[in-house]
Amino acid sequence: MSTEDLVVLRPQGLYCPAGDFFIDPWRPVARAVITHAHADHARRGHGAYLASARGAGVLRARLGEITLQTAEWGEAVHLNGVRVSLHPAGHVLGSAQVRIEHGGQVWVVSGDYFVSGNHDRNATCDAFEPQRCDCFVTESTFGLPIYHWPAQAQVLAEINDWWRSNAEAGRPSLLLGYSFGKAQRLLAGADASIGPIVVHGAVEPLNRAYREAGVALPATLLLEALDDKAALRRALVVAPPAVHGSAWARRLGEFSDAFASGWMQLRGARRRQGVDRGFVLSDHADWPGLQRAIAATGAERVIVTHGYEAVMVRWLQQQGLQAGSFRTEFGSADDADVLPLPPAPVSLPAGG
Ligand SMILES: [Zn+2]
Ligand SMILES: [Zn+2]
């Protein structure tokens, strides 16, 4: 068995020396394996891309014309003699974990993934499938013990209740969520009997890619296409967080607004964002979900990429695992179109 690391950190990004390829590189490289199409993981300018077949549509919707090779879930692709395969991560449509096998070792790079302590799943994409490995390179966006997601069915019911009461009061409901992934999850959970569903122009191309991939979403309209003022007052309007306070939002007249994000679990986050409501709905693993996902890999070594690295590394070491971190350029928010919401300073509960 070789003891050489299958993934190392280079200025361009996470690199597999044996296979001579990068995973989600942040600078242009010759060959990139892409976990998913969020802006901080999938960038323009690489020579050749490898991504999941399930994610090809959304990747092209975001990056345009690229040299793209796709792989089905679990299909082996040999890069420079290294066996690479992609496995569902449950985060957004087509999101993949990258499994790398070489010299008797198996490493898995998670990308972003959704595993919830309460066993919910994201209905708009394939569920996370744990892969046994020697080393697991994991995200840790919500890697603090305070993060426990409420049941998704309950959150979606609260969103529909909020929308219904706004519709009865005659004001549109502006629901802010990232254009890719969160918006489609919100749409899939929306009760279309309440009123029309309007989406921002940044959301609709992603909806199209989801529909083409066979994901059922309710009918959506662009704001420009809805000139019936009475209908607008009953509408759910799904838009990226960046429209908050914009001229586009003012076209809605008087409205109620809400932000759907894992960050809404932080005390004071809703108020800092200046929205009427905050709904805790995340496409990332919560603290118990991260623990469950890591345990399921059986890995003895874990490397943390982005999120609360220090807290997660310390916890892993306490479990007797070999743990470290890579300083990556992946973001704490899922997209470029976000409100500037940095992870707030939090005090850890005593005793972890
Ligand atoms: Zn990420
Ligand atoms: Zn992501």
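For the structure, see preceding data.
Presented here is an overview of the structure given in this document. (Residues numbered from 1 in each chain as written. Chains lettered and ligands numbered in written order. Predicted model: local features only at pLDDT ≥ 70, side-chain atom pairs only at ≥ 80, totals over all residues. Heavy atoms only, no water.)

### Side note on the pairing of strand β8 (residues 82–88)
And then number 1: Of all 7 residues making up β8, 6 are buried, and the element is well covered by its neighbours.
And then number 2: The sheet contact formed by strand β7 (residues 77–79) and β8 spans 3 bridges and is antiparallel. Residue L79 lies in a different strand from β8, and its bridge partner there is V82.
And then number 3: Once β7 ends, the chain turns through 2 residues before running back antiparallel as β8, passing N80 with a positive phi of about 55°.
And then number 4: Relative to strand β9 (residues 96–102), β8 runs antiparallel, the two being bridged by 6 bridges. (Buried < 20%, exposed > 50% of the residue type's maximum accessible area, 1.4 Å probe, protein only. Helix = DSSP H or I, 4+ residues; strand = E, 2+ residues; numbered from the N terminus. Pairing = 2+ DSSP bridges.)

### Digging into the packing of helix α8 (residues 287–297) against helix α9 (residues 309–318)
And then number 1: Contact pair α8 / α9: the axes reach a minimum separation of 13 Å and the direction vectors enclose 50°. In terms of orientation, α8 lies oblique with respect to α9. Two packed elements cross with a definite hand, and for α8 against α9 that hand is right-handed. Residues W287, L290, Q291 and I294 of α8 form the contact with α9, whose own contacting residues are V311, M312, W315 and L316. (Axes fitted to C-alpha atoms, helices over the stretch in contact; angles between N-to-C directions. Parallel < 35°, antiparallel > 145°, perpendicular 65-115°, else oblique. Left-handed = near helix turned anticlockwise from the far one by under 90°. Contact = heavy atoms within 4.5 Å.)

### Some words on the packing of aromatic side chains
And then number 1: All told, the structure shown has 14 aromatic pairs when counted by the stated rule.
And then number 2: Seen from their ring centres, F142 and Y147 are 4.9 Å apart, and the 70° between their planes marks the pair as edge-to-face. A single burial state applies to F142 and to Y147, both of which are buried.
And then number 3: A cation over a ring is seen here: R185 above F114, with NZ or CZ 4.7 Å from the ring centre. (Phe/Tyr/Trp six-rings, centres within 6.5 Å; stacked < 30°, edge-to-face > 60°. Lys NZ or Arg CZ within 6 Å of the ring centre and 35° of its normal.)

### Section: the pairing of strand β10 (residues 105–109)
And then number 1: Summarising burial for β10: 5 of the 5 residues are buried, a large majority.
And then number 2: Going residue by residue along β10, you find Q105, W107 and V109 tucked away on one face and V106 and V108 tucked away on the opposite face as well.
And then number 3: As paired elements, β9 and β10 share 5 bridges and run antiparallel to each other. Paired with E101 across the strands is V106, a residue of β10.
And then number 4: Pairing of β10 with strand β11 (residues 135–140), which is carried by 3 bridges, proceeds in the parallel orientation. Paired with V108 across the bridge in β11 is F136.

### Focus on the pattern of salt bridges
And then number 1: One pass over the structure, following the stated rule, counts 8 salt bridges.
And then number 2: With a closest N to O distance of 3.5 Å, D126 and R54 form a salt bridge. Placement of D126 in the loop between β10 and β11 and of R54 in the loop between β5 (48–52) and α1 (56–63) is noted, with a sequence separation of 72 residues between them.
And then number 3: Residue R54 is classed as partly exposed on the basis of its relative accessible area, which comes to 28%.
And then number 4: The partner of D283 in a salt bridge is R185, and the shortest N-O contact between them spans 2.4 Å. Of this pair, D283 sits in the loop between β17 (277–279) and α8 while R185 sits in helix α3 (residues 182–189), and the two are 98 residues apart along the sequence. Just as D283 is buried, R185 falls in that class too.
And then number 5: Put simply, D161, R164 and D191 are held in one network by salt bridges that share partners. (Salt bridge = Lys/Arg side-chain N within 4 Å of Asp/Glu carboxyl O.)

### Digging into helix α4 (residues 204–212)
And then number 1: Of all the positions in α4, only E204, L206, N207, A209 and Y210 are classed as buried.
And then number 2: The secondary structure elements touched by the buried residues of α4 are α1, α3, β13 (197–199) and β14 (221–222).

Read these as spatial facts, not as claims about activity.
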